[in-house]
Amino acid sequence: MNLQEQVHKAGGFTNIELLARQVVEGYISGIHKSPFHGFSAEFAEHKIYNNGESTKHIDWKLFAKTDKLYTKRYEEETNLRCHLILDNSASMHYPKLAKQEVGALNKIGFSALASACIMQIMKRQRDAVGLSVYSDEFEFYAPEKGSERHHHMLLNTLSDLVLEKAEGKTTDTHKFLHQIAEKLKKRSLVFLFTDMFQADAEETDLFEALRHLKYNKHEVVLFHVMDEKRELSFDFDNVPRRFTDVETGAQVDLYSENVKENYKLAVGDYINSLKLECARYKIQYVQADINKNLEKILTTYLVERQKIG
């Protein structure tokens with residue numbers, strides 16, 4: 001799958017940008033036409049007010065407490081920095097497909113193509129984009145840059161992920177999210193694409209890693225990529241089946257109907273816990289079903305971002 005061709009074939013970023021502009025301009029005047037924009041000016045520190053200065057930024061609440069005049073100093077608005085994080089473990093290559101295309105993607109294909117669409121939007125704004133890829137090892141890291149050469153290098157990396165075989169690659173999400181968080185020194189918009197399935201880690205480890213990503217005031221968006229029909233609803237024919245864990249190789253023989261209800265309850269509880277944890281730490285949660293239209297999922301997210309942005 002050539003991602004550069006597929007991005008344009010899907011009409012993803014062009015249609016998304018047009019739809020977002022139409023929705024926003026219909027309700028809010030003067031907002032940026034793009035769903036992504038530089039962070040607003042932020043408070044940096046107080047300084048003593050000097051006679052003759054503008055009174056616009058005097059902190060009157062502090063004056064009421066101290067009976068002294070101080071003004072607020074702000075950091076100037078900066079261009080947006082975006083960092084994409086992709087889980088490349090074996091479970092992300094489910095289901096196995098002979099060919100990847102816009103209407104038929106597995107989890108890694110969805111994540112790579114969605115990332116490429118976001119990159120196209122950032123490119124139009126001349127914003128810096130970086131990329132991290134992990135599985136059972138830290139496979140790839142590129143800091144945020146905005147050059148044409150860097151953009152093509154990231155697209156090539158995403159294309160390679162879709163084509164490669166990842167049998168036996170386990171997931172160490174919590175471990176590598178901590179490492180990535182340490183690398184992101186400047187405030188960034190962070191997109192994480194993962195199915196959040198990890199056999200050897202407790203929920204608390206994953207949640208702690210997500211919290212670490214919020215360090216330095218990063219804005220974090222979690223795209224929870226899944227095959228809802230099978231991984232959430234456990235929708236299989238009720239015939240004897242052998243289920244194999246694609247990461248550990250563990251196998252179990254069973255009838256799907258015998259475990260379906262308990263499975264759905266357990267997975268539902270886990271997803272609810274994840275949503276609550278994301279809401280608690282102001283991480284935006286996006287449930288991304290690979291069986292649904294990628295453009296629609298991205299469009300819905302970007303329009304909502306415009307509404308609250």
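Residues numbered from 1 in each chain as written. Predicted model: local features only at pLDDT ≥ 70, side-chain atom pairs only at ≥ 80, totals over all residues. Heavy atoms only, no water.

Caption draft 1: Inspection of the nonpolar core at higher detail. Within the largest apolar cluster, 41 residues are counted, with the highest numbers of intra-cluster contacts made by F36, L84, F110, L158, F191, F193 and F223. Among the secondary structure elements, those contributing two or more residues to this core are β3 (81-87), α4 (107-125), β4 (128-134), α5 (148-163), β6 (189-194), β7 (219-226), β10 (284-289) and α10 (294-308). With 11 residues, the top contributor of residues to this core is α4. Once residues within four sequence positions are removed from consideration, L84 is found in contact with S115, I118, M119, V129, G130, L131, S132, F191 and F193. Counting residues in each nonpolar core, the second largest holds 25 residues, with L192, M226, V267 and C278 among its members. (Core = buried A, V, L, I, M, F, W, Y, C linked by side-chain atoms within 4.5 Å. Buried < 20%, exposed > 50% of the residue type's maximum accessible area, 1.4 Å probe, protein only. Helix = DSSP H or I, 4+ residues; strand = E, 2+ residues; numbered from the N terminus. Contact = heavy atoms within 4.5 Å.)

Caption draft 2: Local environment of the packing of aromatic side chains. In the structure shown here, the tally under the stated rule is 8 aromatic pairs. With a centroid separation of 4.8 Å and an interplanar angle of 20°, the aromatic rings of F193 and F223 are classed as stacked. One end of the pair, F193, is in strand β6; the other, F223, is in strand β7, with 30 residues separating them in the sequence. Judged by its relative accessible area of 0%, F193 is buried. For F223, a relative accessible area of 0% gives the class buried. Grouping aromatic residues by their ring pairs yields a cluster made of Y134, F138, Y141 and F176. Above the ring of Y141, the side-chain terminus of K183 is found at 4.6 Å from the ring centroid. (Phe/Tyr/Trp six-rings, centres within 6.5 Å; stacked < 30°, edge-to-face > 60°. Lys NZ or Arg CZ within 6 Å of the ring centre and 35° of its normal.)

Caption draft 3: Local environment of the side chain of S132. Following the sequence through the fold, S132 ends up in strand β4. For S132, the side chain forms a polar contact with the side chain of H83, separated by 2.7 Å. Setting aside residues no more than four positions away along its own chain, S132 makes contact with H83, L84, I85, L86, F138, F140, Y141 and I180. (Polar contact = N/O pair within 3.5 Å; in protein donor to acceptor, adjacent residues only side chain to side chain.)

Caption draft 4: Up close: the pairing of β4. A large share of β4 lies buried, amounting to 7 of its 7 residues. Residues A128, G130, S132 and Y134 line one face of β4 and the alternating positions V129, L131 and V133 line the opposite face, and both faces are buried. The sheet contact formed by β3 and β4 spans 7 bridges and is parallel. If you follow D87 over to β4, its bridge partner there is Y134. Between β4 and strand β5 (residues 138-145), which pair antiparallel one after the other, the connecting turn spans 3 residues. (Pairing = 2+ DSSP bridges.)

Caption draft 5: Structural detail: the packing of helix α6 (residues 173-183) against helix α7 (residues 203-213). Orientation of α6 relative to α7, taken along the N-to-C sense of each, is 15°, at an axis distance of 8 Å. Taken together, α6 and α7 sit at an angle that is classed as roughly parallel. In this structure, α6 crosses over α7, and the sense of that crossing is left-handed. Residues T173, H174, L177, H178, A181 and E182 of α6 form the contact with α7, whose participating residues are D205, L206, E208, A209, L210, H212 and L213. Considering only residue class, the contact of α6 with α7 consists of 6 nonpolar, 4 polar and 3 charged. (Axes fitted to C-alpha atoms, helices over the stretch in contact; angles between N-to-C directions. Parallel < 35°, antiparallel > 145°, perpendicular 65-115°, else oblique. Left-handed = near helix turned anticlockwise from the far one by under 90°. Nonpolar A, V, L, I, M, F, W, Y, C, P; charged D, E, K, R; others polar.)

Caption draft 6: View of the sheet that holds β7. Spatial strand order, β5-β4-β3-β6-β7-β10: 6 strands in an open sheet with mixed pairing. Every interior strand has two partners, whereas the edge strands, β5 and β10, have only one. If you compare each strand with its neighbour and ignore which way they point, the axes differ by 15° on average. Pairing geometry for β6 and β7, over 6 bridges, is parallel. The partner of L192 across the bridge, within β7, is L222. Sheet strands in contact with α5 are β3, β4 and β5, and its direction is about 155° off that of β5. Set on the sheet, α6 makes contact with β3, β4, β5 and β6; between it and β5 the angle comes to about 25°.

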